[in-house]
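Residue-level listing of the chains:
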Amino acid sequence: MSEELKNVEETQEVWSNFIHDFIEEDIAPGGRFEGKKVHTRFPPEPNGYLHIGHAKALYIDFATAEKYNGLCNLRMDDTNPTKEDVEYVDAIKEDIAWLGFSWEDRFYYASDYFSKMYEIAVNLIKKGLAYVCQCTPEQVRENRGDLTTPAVSPYRDRPIEESLDLFARMKEGEFEDGSMTLRAKIDLASGNFNMRDPVLYRISHMHHHRTGDQWCIYPMYDYAHPIEDALEGITHSLCSLEFEAHRPLYDWVIEHSELPCKPRQIEFARLNINHTVMSKRKLRLLVENGVVDGWDDPRMPTLSGLRRRGYTPLSIRNFCERIGVSKVNSVVEYSFLEHCLREDLNMTAQRVMAVLDPIKLIITNYPEDLVEEFEIENNPNCPEDGTRTITFSRESWIERSDFTEEPVKGYFRFYPGNEVRMKTTYIVKCTGCKKDENGNVIPHGSDHHDHDHGHEHCGNCNSDCQGNCTDEVVALLNYMLSHNEHHAEELDQMADNLEKLGMPDAAKTIKEGVADFKKGNMRLGLAL
């Protein structure tokens, strides 16, 4: 499917999409869920931290339920014990709560239903709709067939009693991993390969983080997912577009199992952002191989990483709403995510002035022993945030980029002969510069004025009084990947791109600097 690059700029006042159209059709008079409360679920796999792509999915699940005064469950898909960990469960819950969503008392695990899933599988065998297969994974691939050739399974006609006996012995741990599977008996000639007798159970002698060693057979996601939804009373199972081809199997499991309801699966396009890796598997490789400083490294697109980078819950929710929901794959520009953050901070964050690459400005006609105080607003968009006091003296710090000896056309900051309006204080005229023994430039200014008359065209500049400054650690973070692609790369390529940006040192600086930062005390730098 072709992809178009989306740079979203505007949002609609009334949030609606094709999923809502389906839901409204379902709950209308005569619809399949007439008179029922809309009930969705968010089912992450606890094998890593949530990233910004998951934020879109959980936003769709929870916000859709909110819109229709419905319910949304949080369910951990712990059907694969290989990579699951309690740490990830706790991190997922923390991230969802941070975004402002609540599952109330509806928190579940897929493992809650293992006994029921086994019971349903036994009934499928008894109905002649499932059988135990002893083909190796390699044999299954070899006998899969193609669009013109049906698949082959030599165990498809195995007697029901024999399959029941083998399945029970699989459960008791008599067989090695990979030696047997339970497969659905559907259609070996189907054009949808997911329906060519898919595997329902596999053997895995792995310790489970909740059930311990109670089970050594585990259900496949395509089998477990519809059963979990139906047992929880889900009306609309919202999932990403790659599951569209799996929907016939979802419906097949529902149809041939004795379950309390029949959920409807609806698919939407997943989120892709340029300059960003959106594969949890590859993000995990970065963490496990020490390429980044943990899941909350501020270069990571994880929600914990974005939170550490300074993103707010509202900025991420606004981003997820405004990028829209469709069935067409697209790529959103990272700059729009940044725009949503700036938009939120612009209204809520108190301002501070900082100079990142300082050079000294000396105002030659200002008294050496005078220090003046000025009141400045903490947030020009929020008067109730009050004001703070700043100082002004003969010597101040300005950004190195705010001065040049030879200006180019359109440069309005400090250069010899030009006037610049200093934030809240005076208009200062640059009269020249000197250089110290190391060749560092020290601009000189004079003729400071306390009014704007006759200075309509002067530039603007921030400054910090030299005697009233503190040294702080500031981390300058760029995109995760230097190029414009969003497609996943191999570990060495991702690491190479991170190193090209010089990011490991920046990440270390952040780690050392955030220790004294008060949680929740967000401030917005001016003209950095």
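Calculation criteria
Residues numbered from 1 in each chain as written. Predicted model: local features only at pLDDT ≥ 70, side-chain atom pairs only at ≥ 80, totals over all residues. Heavy atoms only, no water. Pairing = 2+ DSSP bridges. Helix = DSSP H or I, 4+ residues; strand = E, 2+ residues; numbered from the N terminus. Axes fitted to C-alpha atoms, helices over the stretch in contact; angles between N-to-C directions. Buried < 20%, exposed > 50% of the residue type's maximum accessible area, 1.4 Å probe, protein only. Patch = residues over 30% accessible without salt bridge, like charges linked within 9 Å, V, L, I, M, F, W, Y side chains within 5 Å. Areas by Shrake-Rupley, 256 points an atom, 1.4 Å probe, with all protein chains shown as cover. Salt bridge = Lys/Arg side-chain N within 4 Å of Asp/Glu carboxyl O. Phe/Tyr/Trp six-rings, centres within 6.5 Å; stacked < 30°, edge-to-face > 60°. Lys NZ or Arg CZ within 6 Å of the ring centre and 35° of its normal. Parallel < 35°, antiparallel > 145°, perpendicular 65-115°, else oblique. Left-handed = near helix turned anticlockwise from the far one by under 90°. Contact = heavy atoms within 4.5 Å. Polar contact = N/O pair within 3.5 Å; in protein donor to acceptor, adjacent residues only side chain to side chain.

Caption draft 1: Representation of the sheet that holds strand 7 (residues 199–203) within the structure. Taken together, four strands build an open sheet; the order of strands is 5-6-7-8 and the sheet is antiparallel. For this open sheet the edge positions go to strand 5 (130–133) and strand 8 (217–219), each flanked by a neighbour on one side alone. Put simply, the sheet's adjacent strands are angled 20 degrees from each other on average, direction ignored. Bridge analysis of strand 5 against strand 6 (residues 181–184) gives four bridges, and the strand direction is antiparallel. Pairing of Tyr131 across the sheet is with Arg183, part of strand 6.

Caption draft 2: Quick look at the pairing of strand 2 (residues 39–42). Both faces of strand 2 are covered, namely the face carrying His39 and Arg41 and the face carrying Thr40 and Phe42. Where strand 2 meets strand 3 (residues 71–76), four bridges bridge the pair, whose relative direction is parallel. The residue bridging Arg41 from the neighbouring strand is Asn73, located in strand 3.

Caption draft 3: Representation of a nonpolar patch on the surface within the structure. Among the surface-exposed residues, Leu356, Val474 and Leu476 lie close enough to one another that they form a single nonpolar patch of about 260 Å² accessible area. Relative to the assigned elements, Leu476 resides in the loop between strand 21 (464–465) and helix 13 (491–500). Look at Leu476 and you get exposed, because its relative accessible area is 59%.

Caption draft 4: Region of interest: the packing of aromatic side chains. On inspection of all chains with the given rule, the structure shows 21 aromatic pairs. A ring pair is formed by Tyr201 and Tyr223, whose centres lie 5.6 Å apart and whose planes are at 55 degrees; its orientation type is tilted. Here Tyr201, found in strand 7, pairs with Tyr223, found in helix 7 (residues 221–231); they are 22 residues apart in sequence, far enough to count as distant. Accessibility classification places Tyr201 together with Tyr223 in one group, the buried group. The cationic tip of Lys93 hangs over the ring face of Phe107; the distance from NZ or CZ to the ring centre is 4.3 Å.

Caption draft 5: Seen up close, the packing of helix 1 (residues 18–27) against helix 2 (residues 52–67). Interhelical geometry of helix 1 versus helix 2 gives an angle of 45 degrees and a closest axis separation of 12 Å. Compared by their axis directions, helix 1 and helix 2 come out oblique. In this structure, the crossing between helix 1 and helix 2 has a hand that is right-handed. Residues Ile19, His20, Ile23 and Glu24 of helix 1 touch helix 2, and the partners they reach there are Ile60, Thr64 and Lys67.

Caption draft 6: Representation of helix 1 within the structure. Every buried residue of helix 1 is accounted for by Phe18, Ile19, His20, Ile23 and Asp26. On the buried face of helix 1, the contacting elements are helix 2, strand 9 (236–240) and strand 10 (264–268). For helix 1, the N-terminal capping position is held by Asn17, with its side-chain oxygen 2.9 Å away from the main-chain nitrogen of Ile19.

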